[in-house]
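Spelled out from the first residue to the last, the chains are:
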Amino acid sequence: MTFPSISIDSVLKILLALSQYPILSSRIRHQMRKALFSRGIITRAAFDEEARQKAVESQEREGLHNPLAEEQADIWDTRLMRVRDSLTDFYFAYNLPYLEFEHIVRQVLSERGNADSEFIWFNPELAPQDVIFEQAEMIESMPAAERKKYEARLQELEVVLIRTMVSDQLKYIKMARQWFTVADLREIRRRKIGEGKVGGKAAGMLLAMRILKETAPPEIRDSFKIPTSYYLGSDVFYNFMALNGLMHWNDQKYKTEEQMRADYPTLRDDFSKGQLPPEIIDRLDEILVEAGHTPLIVRSSSLLEDNFGTSFAGKYESIFLPNQGTYGQKIAALTSAISKIYASVMDPDALLYRHHKDLADYDERIAILIQFVEGEKMGKYYLPQAAGVAFSHNMYRWSPQIREDDGFLRLVLGLGTRAVDMVADDCPRLVALSHPRLQPSSDIRSARRYSQQNVDVIDLEKNQLVTVPVRDVLASNYPPLRYAAQVEQDGYLASILSHNTNYEKMVITFDSLLARTSFAKNIREALKLLETHYESPVDTEFTVEIVETDSQKPTINITLLQCRPQSHIVSGEEVQLPSNLKDEDIVFSTQRMVPQGIVQNIRYILFVTSEGYFSLTSQAERTQLERAIGQLNTALKDETYIAVGPGRWGTSTPDLGVHVSYSDIFHARALIELAGEAVGASPEPSFGTHFFQDLMEAKIYPLAVFLDDDDTIFNRDFFYSTPNRAADFITIENPRVLDALHLIAINDHRTNHHLDLIMDGQKSRAVAFLVSEESAEPDQPLTTSAAPSQLE
């Protein structure tokens, strides 16, 4: 076995690793001193005198004024022994070659009677990583019969490497130790910059790819890869804070929400002025040289991110870098992105999320994942041919024939940002992998209206991320055009047969990608494999490349960007829809995209009126509404309440729905999204977005009520005529905000009643109805005899 190059640090670490054998360590140091004396480096007498003098000096530093008289003999002996050991390590490390040290260790171990003198036992928790790697590689290279003796030792070494370099989460370690090889871990270390772990996002991506390499059939395994990636270790975060005098911000998580929000602009400004250590800059330089002009994405990868039960989806920053221009511009953009992500650790919404998950006291250091953006140059734009998010479990079926266990996609043209966020008046292609070509809307008008209209791309000339109309990309002779779009023709959607197509009549459907390639099959099977070995449904992000687009059977390459356990609500309750309900007892019902679950004993409904909300034309007023919703959420923390509002809850575009964050609504039990012409909001649901992940983790049921559907019931009188109790809980000074935000107490509408919400995902039916405090709960299946109430 060969140890790393000799240094005082290496000597100390190796001897510390052998400290569980005190006699062994003592004999090694005895032989080291003999070598020092025999080589004439120092005489025995000079060594003993220096050791005695340094021991006396250490006593004086402890305040002993008469060292020889004031210390007991046994304590003096221990002190002198430790000083002698320290001097031994120092003189040996700085005067003798490493091979001499190795020879001494081997000789002592051999004399100890070890049958295999080549194998050195040490404590891997204390040993240098070089030593751990070398012994692990030695075991892996052994013949099968010999290796069997050391399998337990190999697993111990791999676990230590995973825990110190990748993740310390126990569920992750339990899985990862079954899959990672020493070569995998060595490659992670080669790509890691600085000390610490690579964080959750990187850890999930690496493990998922390893599982697919090992378990997938060749045609699926060969279609998957991960992007070129580098990892800025989690310890660099604290180094950055210490170097730039930012440690005083580290207590933000213990401040009040008002203090967090008031401090955050100043905090971000302070972090933006920070500088990274020179040795980190040197490694970043190497990445920029390798990347050339390929765009980069800088992503958070915190220690808790993408973990079981805590995805932290969208809580921290991810920043695209076009990576054009001079070196100075590139390195400035890269370091600025890193500092912004570091600042996002203290984002109030992230801190409140941690509090809600009882993780505020966890040391949340953050690593950084730097990746080359997957895609191709198309004119002045850079973009992937397709991107999206994939889930192994489809929680929302828009047709009874859809199978939940086959998974679900949100698929977009261009960068995947439009698949994970609710942005603008735009919709991704929703794909049920059991029936990939089955769309939520069957008529042409709806298919066009709720298809993707804009594309997120990197503009290489402007050196920035931009959003452009779909036709700007399609009109540039886009090679995979026929796989991404169809054309409206005589009242139906047809495949594109030539490039001389009317771009104005094109609709992004990905129909040919789903029907004529192996993409849907490959990603469905990959999701099944990952779910099996994760022992949990999974949630992934990916990009798609179609190779040889003119071929009858083009090759499909899927780049896996991340993988984590899928957030989902596990309901053990038996869902049974009641029968014999009276029309006047039904507050609302729907029969489209219904989850499975029950919310009982609802006392309040937080209701945002569409008329009031869309009359708030200024951003300031909408911010006031957002804060008021957050205050009501806090006030109702001990009550059972649901929230009802127009359009998409949590959208980043306020014109499309109520712009709130997770911290504003996490005490709610369900979020009801009203959609349709009557409220001026799009019916495209939030399923699969980052905000949706938050709802699943918090066990908040999302439910869309499509008011234009004939079978939908919506009791307008209940929502608009019941008194508004918002002012009883919080102060709202702006009457326009109060007009938009209603708090309905169920008891005000009907005395001694509460509301129950029953959702049967199997039958795709949900109903919210009034229940008397004295009455028994209905226990018969819901019949279809109740006629829908008409909207006024």
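Rules of the game
In this convention, every chain numbers its residues from 1, walking through the sequence in written order. Note on the predicted model: pLDDT of at least 70 is required for a residue's local features to be given, and 80 or more for side-chain atom pairs to be given and counted; whole-chain, interface and lining totals, by contrast, use all residues. For side-chain calculations, the full set of non-hydrogen atoms in the structure is used, while hydrogens and water are omitted. Lines fitted to C-alpha atoms define the axes, with helix axes restricted to the stretch in contact, and inter-axis angles between N-to-C directions lie between 0 and 180 degrees. Secondary structure elements are taken from DSSP: a helix is a run of H or I of four residues or more, a strand is a run of E of two residues or more, and numbering for both begins at the N terminus. Convention used here: angles under 35 degrees read as roughly parallel, angles over 145 as roughly antiparallel, angles from 65 to 115 as roughly perpendicular, and any remaining angle as oblique. Crossing handedness: left-handed means the near helix sits turned counterclockwise from the far one by under a right angle, and right-handed means the same turn made clockwise. It only takes one pair of heavy atoms within 4.5 Å for two residues to be counted as in contact. Here a strand pair is declared whenever DSSP counts at least two bridges between the two strands. Throughout this description, the term salt bridge denotes a Lys or Arg side-chain nitrogen within 4 Å of a carboxyl oxygen of Asp or Glu. Each residue is placed in one exposure class: buried if its accessible area under a 1.4 Å probe, protein chains only, is under 20% of its type's maximum, exposed if it is over 50%, and partly exposed if it falls in between. The predictor's confidence in any single residue is recorded as pLDDT, a number from 0 to 100. Under this definition, polar contacts are N or O atom pairs within 3.5 Å; protein pairs additionally need one hydrogen-donor-capable and one acceptor-capable atom, and for neighbouring residues in sequence, both atoms have to be side-chain atoms. Here a pair means two rings of Phe, Tyr or Trp (six-membered ring of Trp) with centres within 6.5 Å. Their orientation is stacked below 30 degrees between planes, edge-to-face above 60, and tilted elsewhere. What a helix should span is 1.5 Å times the count of its residues minus one.

Focus: the packing of helix H7 (residues 129-140) against helix H11 (residues 182-191)
Part 1 of the argument: The geometry of H7 relative to H11 is characterised by a closest axis approach of 10 Å and an angle of 150° between their N-to-C directions. Relative to H11, the element H7 is oriented roughly antiparallel. When you trace H7 past H11, the crossing you get is left-handed. For the pair formed by H7 and H11, the contact residues are Gln-129, Asp-130, Phe-133, Ala-136, Glu-137 and Glu-140 on the first element and Val-182, Ala-183, Leu-185, Arg-186 and Arg-189 on the second.

A few points about the sheet that holds strand E17 (residues 538-547)
Part 1 of the argument: Sheet architecture is open: six strands sit in the order E2-E18-E17-E9-E10-E11, paired in mixed fashion. Of all strands in the sheet, those bounded by a partner on one side alone are strand E2 (224-225) and strand E11 (429-432).
Part 2 of the argument: With two bridges connecting them, E2 and strand E18 (residues 555-565) associate as parallel partners. Paired with Lys-225 across the two strands is Thr-559, which belongs to E18.
Part 3 of the argument: Relative to E18, helix H12 (residues 200-215) is tilted by about 130°, and along the sheet it contacts E2 and E18.
Part 4 of the argument: Packed onto the sheet, helix H24 (residues 519-534) meets E2, strand E9 (386-391), strand E10 (408-412), E17 and E18 and runs at close to 150° relative to E17.

Some remarks on the pattern of salt bridges
Part 1 of the argument: Here the structure, examined in full by the defined rule, presents 40 salt bridges.
Part 2 of the argument: In this structure, Asp-85 engages Arg-29 in a salt bridge whose closest nitrogen and oxygen atoms are separated by 3.9 Å. Taken together, the positions of Asp-85 in helix H5 (residues 73-95) and Arg-29 in helix H2 (residues 22-38) put the pair 56 residues apart, joining distant regions of the chain. Of the two residues, Asp-85 and Arg-29, both sit in the buried class.
Part 3 of the argument: Between Arg-716 and Glu-611 there is a salt bridge, with its nearest N and O atoms 3.3 Å apart. In this pair, Arg-716 is assigned in helix H29 (residues 716-721) and Glu-611 in helix H25 (residues 610-614), connecting sequence segments 105 residues apart.
Part 4 of the argument: One salt-bridge network, in which partners are shared between bridges, spans Arg-29, Arg-33, Asp-85 and Asp-89.

Let's talk about the confidence of the model for the chain
Part 1 of the argument: For the chain, the average pLDDT comes to 84, and 86% of its residues sit at 70 or higher.
Part 2 of the argument: In the predicted structure, residues 1-5 sits below a pLDDT of 50 and forms 23 contacts with residues beyond four places in sequence or in another chain.

Points about helix H18 (residues 348-356)
Part 1 of the argument: Of the residues making up H18, those classed as buried are Pro-348, Ala-350, Leu-351, Leu-352, Tyr-353 and Arg-354.
Part 2 of the argument: Its side-chain oxygen 2.8 Å from the backbone nitrogen of Asp-349, Asp-347 forms the N-cap of H18.
Part 3 of the argument: Where H18 ends, the next residue or the one after it, Asp-358, has phi of about 55°, a positive value.

Observations concerning the pairing of strand E19 (residues 586-590)
Strand residues, when the strand is regular, have side chains that alternate between the two faces of the sheet.
Part 1 of the argument: Across the five residues that make up E19, a large majority, five, are buried.
Part 2 of the argument: As paired elements, E19 and strand E28 (residues 765-772) share four bridges and run antiparallel to each other. Counterpart to Phe-588 in the pairing with E28 is Ala-768.
Part 3 of the argument: Note: E19 against strand E25 (residues 713-714), two bridges, orientation antiparallel. Its bridge partner being in E25, Ser-589 is matched across the sheet by Ile-713.

Things to note about the sheet that holds strand E24 (residues 701-706)
Part 1 of the argument: Taken in spatial order, the five strands line up as E24-E23-E22-E21-E26 in an open sheet, and their pairing is mixed. With partners counted over all chains shown, the strands left at the sheet margins are E24 and strand E26 (741-745), one partner each. Here the average twist between neighbouring strands, direction ignored, is 20°.
Part 2 of the argument: Each of strand E21 (604-608), strand E22 (641-646) and E26 touches helix H26 (residues 619-635); the most contacted strand, E26, lies at about 20° to it.

Description of the packing of aromatic side chains
Part 1 of the argument: This model, assessed by the stated rule, comprises 16 aromatic pairs.
Part 2 of the argument: Aromatic side chains Phe-718 and Phe-719 sit 5.1 Å apart centroid to centroid with 85° between the ring planes, which places their arrangement in the edge-to-face category. The same class applies to Phe-718 and to Phe-719, which are both buried.
Part 3 of the argument: Pairwise contacts between aromatic rings join Phe-237, Tyr-238, Phe-240, Phe-271 and Tyr-342 into one cluster.

Here's the deal with H5
Part 1 of the argument: An ideal rise of 1.5 Å per residue puts 33 Å on 23 residues; H5 measures up with 33 Å between its terminal C-alpha atoms.
Part 2 of the argument: Those residues of H5 lying buried are Trp-76, Arg-79, Val-83, Asp-85, Leu-87, Thr-88, Asp-89, Tyr-91, Phe-92 and Ala-93.

A few points about the environment of Lys-582
Part 1 of the argument: Mapping Lys-582 onto the fold places it in the loop between E18 and E19.
Part 2 of the argument: Distance from Lys-582 to Leu-770, taken between C-alpha atoms, is 9.7 Å for residues 188 residues apart in sequence.

Concerning unusual backbone geometry
Part 1 of the argument: For Glu-535, which is not glycine, the phi torsion reads 55° and is therefore positive.
Part 2 of the argument: With respect to the helices and strands, Glu-535 occurs in the loop between H24 and E17.
Part 3 of the argument: Take Glu-535: its relative accessible area is 74%, and that puts it in the exposed class.
Part 4 of the argument: Of note, the phi angle at Asn-752 is positive, near 60°, even though the residue is not glycine.
Part 5 of the argument: Note that Asn-752 resides in the loop between helix H32 (746-749) and strand E27 (753-760).

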